[in-house]
Amino acid sequence: METAQSRQQAAPGAFGAFARFVLCGGGVGLASSFAVAALASWIPWVLANALITVVSTLLATELHARFTFGAGGRATWRQHAQSAGSAAAAYVVTCVAMLALQQLVAAPGAVLEQVVYLSASALAGVARFAVLRLVVFARNRSQAAAAVRTTHRPLQATVARASAPSGTAALCRAA
């Protein structure tokens, strides 16, 4: 029963999940933007973005499974794969934004690059939140709710039976 209660408490509503998503995903995204900029000084930007996207997606999916969407544990391989699909779309959005910047501004400064990258990441992040909440981690939320409902039903039935226990087994169930 304690597991069901902890799952119930860990599964936040839409607003709470979005706040946690922004905190976890935004923190990873912010760190990623600096990592991409640093790595891009050694290798082409598109490759640096791809590498950092893979690492940050693995990290963010774990954080989202544990904290954001209340899955109650580590992300499964299926959740990682589904999350990778939304991350691939986010990768495309950030690449298109940066390529557009390169076409529009001959020599953009680091601050402008960060603003464009973070803006594109934020736009993609909102779409990722919807996909992760409604598709990737939706099954866990419904399973946790079912576990809580299942746990509460026997308790209600036990309380009803506790008024007239018959035998040791009934007393143990009532306790």
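Here goes a summary of the coordinates provided.

About the cut-offs
- The numbers attached to residues start from 1 for each chain and follow its sequence in the written order.
- Note on the predicted model: pLDDT of at least 70 is required for a residue's local features to be given, and 80 or more for side-chain atom pairs to be given and counted; whole-chain, interface and lining totals, by contrast, use all residues.
- As a rule here, side-chain values cover all heavy atoms of the structure and leave hydrogens and water aside.
- Counting from the N terminus, the helices are the DSSP runs of H or I reaching at least four residues and the strands are the DSSP runs of E reaching at least two.
- Throughout this description, buried means an accessible area under 20% of the type-specific maximum (1.4 Å probe, protein chains only), exposed means over 50%, and partly exposed covers the range between.
- Aromatic contacts are taken between Phe, Tyr and Trp rings whose centres are within 6.5 Å, Trp giving its six-membered ring; a plane angle under 30 degrees counts as stacked, one over 60 as edge-to-face, and the others as tilted.
- Every axis corresponds to a line fitted to the C-alpha atoms, with the helix fit spanning only the stretch in contact, and the corresponding angles, defined between N-to-C directions, vary from 0 to 180 degrees.
- What makes a crossing left-handed is the near helix being turned counterclockwise from the far one by less than a right angle; a clockwise turn instead makes it right-handed.
- By definition, residues are in contact when any of their heavy atoms lie within 4.5 Å.
- Whenever a carboxyl oxygen of Asp or Glu lies within 4 Å of a side-chain nitrogen of Lys or Arg, that contact is scored as a salt bridge.

**Points about the environment of Gly29**
Inspection of the secondary structure puts Gly29 in helix 2 (residues 14–39). Judged by relative accessible area, Gly29 falls into the partly exposed class, the value being 24%. Distance from Gly29 to Ala122, taken between C-alpha atoms, is 8.7 Å for residues 93 residues apart in sequence.

**Here's the deal with the packing of aromatic side chains**
Under the definition given, this model contains 4 aromatic pairs. When the ring of Trp45 is compared with that of Tyr117, the centres are 6.2 Å apart and the planes differ by 80°; the resulting orientation is edge-to-face. Placement of Trp45 in helix 3 (residues 45–68) and of Tyr117 in helix 5 (residues 110–136) is noted, with a sequence separation of 72 residues between them. Judged by relative accessible area, which is 8%, Tyr117 ranks as buried. Here the aromatic residues Phe18, Phe21 and Phe129 are joined through ring pairs into a cluster of three or more.

**Notes on the packing of helix 3 against helix 4 (residues 77–104)**
The contact between helix 3 and helix 4 brings their axes to 9 Å, and the two run at 145°. The chirality of how helix 3 crosses helix 4 is right-handed. Counting all contacts with helix 3, which are made through Trp45, Val46, Asn49, Ala50, Thr53, Thr57, Leu58, Thr61 and Glu62, the residues of helix 4 involved are Gln79, His80, Ser83, Ala84, Ala87, Tyr91, Thr94, Cys95 and Met98.

**Quick notes on the pattern of salt bridges**
Counted according to the given criterion, the structure contains 2 salt bridges. Between Glu62 and Arg66 there is a salt bridge whose closest N-O contact spans 3.3 Å. Remark: Arg66 and Glu62 occur in helix 3; sequence separation between them is 4 residues, near one turn of the helix. Judged by relative accessible area, which is 39%, Arg66 ranks as partly exposed. A salt bridge links Arg74 to Glu62; its shortest N-O distance comes to 3.8 Å. Taken as a pair, Arg74 in the loop between helix 3 and helix 4 and Glu62 in helix 3 lie far apart in primary sequence, 12 residues in all. Given a relative accessible area of 13%, Glu62 falls into the buried group. Connected through salt bridges with shared partners, the residues Glu62, Arg66 and Arg74 form a single ionic network.

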